[in-house]
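Notes for the structure review
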Amino acid sequence: MFILGLFIGAFGCVLAIKANLGVAPWDTFHIGLQKTFGLTIGIWSQLVGVVVILSSYVVAKIKPTFGMFLNMICFGSFLDLILWWNIVLEPQSLWTRLLMFLLGVIVMTIGIGMYLSPRLGAGPRDSFMLAMNERLGWSIQKVRLIIEITVLLAGAALGGPVSVGTVLIAILTGPLIQRTIPFWQMVMKKQYDLMEPVERQAG
């Protein structure tokens, strides 16, 4: 579920990118880096992830976990793979772009809920948010807002896309993720309950 969730989340990001109505602040930053220095969006996502992981350790001694690195490597690779496949075509009309964007946000939050449910480790950016919260004593909401505004401004300065969709993603993703996590946790519990008797018999 962790790996599948990362793939689905990456697919949702690609839908939002192709809709060309704005992307999440971190994606604005990654796309800006790609436009300025080359390489791919996925590789920049991974490279920024490494910097963020190191920063989390320096700021609050948050040690990197296997799940954190797996998250970083898989998400960036899936992002590049889906873009390379070119299976998502760019819509032409405003309505189709809007529909693709909203679909992308929904798919992305479903994927995030899936990969968070197994609790194998938060992504590098979430860990950095927790590190800043611990170091400065600010609320999670305040820290997240400051970090995302900072990377958004940096991404925009590098030529990354900023539009109304960026604001919509910031507003919609939190509430949607909160609703998807309990569903996937319930799915995992059902799978575990089904597997437990088989494991006892095998033991």
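Residues numbered from 1 in each chain as written. Predicted model: local features only at pLDDT ≥ 70, side-chain atom pairs only at ≥ 80, totals over all residues. Heavy atoms only, no water.

1. Regarding the layout of surface pockets
Space inside the largest pocket adds up to approximately 1300 Å³. Residue contributions to the lining of the largest pocket peak at ten residues, all from helix α8 (residues 164-202). Of the voids in this model, the second largest pocket is the one considered here, and its volume is about 150 Å³. Around the second largest pocket, the lining residues are Ile17, Lys18, Asn20, Gly22, Val23, Ile31, Lys35, Ile41, Leu83, Glu90 and Pro161. (1 Å grid on protein atoms, 1.4 Å probe; cavity = no way out; pocket = protein on both sides within 12 Å on 5 of 7 lines; lining within 4 Å. Points joined across faces, edges and corners; volume = space filled by probe spheres on them. Helix = DSSP H or I, 4+ residues; strand = E, 2+ residues; numbered from the N terminus.)

2. Topic: the packing of aromatic side chains
This model, assessed by the stated rule, comprises six aromatic pairs. Note on Phe7 and Phe78: the rings are 5.3 Å apart at their centroids and 80 degrees apart in plane angle, and the pair reads as edge-to-face. With Phe7 in helix α1 (residues 2-19) and Phe78 in helix α4 (residues 66-85), this pair connects stretches of sequence that are 71 residues apart. Pairwise contacts between aromatic rings join Phe7, Phe78 and Trp85 into one cluster. In this structure, Arg125 packs its charged tip against the face of Trp26, placed 5.1 Å from the ring centre. (Phe/Tyr/Trp six-rings, centres within 6.5 Å; stacked < 30°, edge-to-face > 60°. Lys NZ or Arg CZ within 6 Å of the ring centre and 35° of its normal.)

3. With respect to the packing of α1 against α4
At a minimum axis separation of 8 Å, α1 and α4 run at an interaxial angle of 45 degrees. With respect to each other, α1 and α4 are oriented oblique. Every pair of crossing elements has a handedness; the one defined by α1 and α4 is right-handed. Here Phe2, Ile3, Leu6, Phe7, Gly9, Ala10, Phe11, Cys13, Val14 and Lys18 of α1 come into contact with α4, specifically with Gly67, Leu70, Asn71, Cys74, Phe75, Phe78, Leu79, Ile82, Leu83 and Trp85. Across the contact of α1 with α4, the residue classes tally to 16 nonpolar, three polar and one charged. (Axes fitted to C-alpha atoms, helices over the stretch in contact; angles between N-to-C directions. Parallel < 35°, antiparallel > 145°, perpendicular 65-115°, else oblique. Left-handed = near helix turned anticlockwise from the far one by under 90°. Contact = heavy atoms within 4.5 Å. Nonpolar A, V, L, I, M, F, W, Y, C, P; charged D, E, K, R; others polar.)

4. Thoughts on the side chain of Asn71
In this fold, Asn71 is placed in helix α4. The buried category is assigned to Asn71, whose relative accessible area is 7%. (Buried < 20%, exposed > 50% of the residue type's maximum accessible area, 1.4 Å probe, protein only.)

5. A short note on the nonpolar core
Across soluble globular proteins, nonpolar side chains show a tendency to be buried alongside one another. Within the largest apolar cluster, 27 residues are counted, with the highest numbers of intra-cluster contacts made by Leu6, Ala10, Phe75, Leu79, Phe101 and Ile169. At the level of secondary structure, the elements contributing two or more residues to this core comprise α1, α4 and α5 (94-116). Residues within four places of Leu6 in sequence aside, it is in contact with Leu70, Asn71, Cys74, Phe75, Phe78, Gly111 and Tyr115. Formed by eleven residues, the second largest nonpolar core is a distinct cluster that contains Trp26, Val52, Phe128 and Met129. (Core = buried A, V, L, I, M, F, W, Y, C linked by side-chain atoms within 4.5 Å.)

6. Description of the side chain of Ser117
Positionally, Ser117 belongs in the loop between α5 and α6 (124-136). For Ser117, a relative accessible area of 6% translates into the label buried. Side-chain polar atoms of Ser117 contact the backbone oxygen of Gly113, separated by 2.6 Å. Residues contacting Ser117, with those up to four places away along its chain left out, are Met1, Ile181, Trp184, Gln185 and Met188. (Polar contact = N/O pair within 3.5 Å; in protein donor to acceptor, adjacent residues only side chain to side chain.)

7. Digging into the environment of Ile41
Turning to its location among the elements, Ile41 is positioned in helix α3 (residues 41-60). For Ile41, a relative accessible area of 10% translates into the label buried. Taking the C-alpha atoms as reference, Ile41 lies 7.5 Å from Leu79; in sequence the two are 38 residues apart. For Ile41, the contacting residues outside a window of four places in its chain are Ile17, His30, Ile31, Gln34, Leu79, Asp80 and Leu83.

8. Considerations on a nonpolar patch on the surface
Together, Leu81, Trp84, Trp85 and Ile87 make up a nonpolar patch on the protein surface, roughly 470 Å² of accessible area in all. Its place among the elements puts Leu81 in helix α4. A relative accessible area of 31% means that Leu81 is categorised as partly exposed. (Patch = residues over 30% accessible without salt bridge, like charges linked within 9 Å, V, L, I, M, F, W, Y side chains within 5 Å. Areas by Shrake-Rupley, 256 points an atom, 1.4 Å probe, with all protein chains shown as cover. Salt bridge = Lys/Arg side-chain N within 4 Å of Asp/Glu carboxyl O.)

The analysis is restricted to geometry; functional conclusions fall outside its scope.
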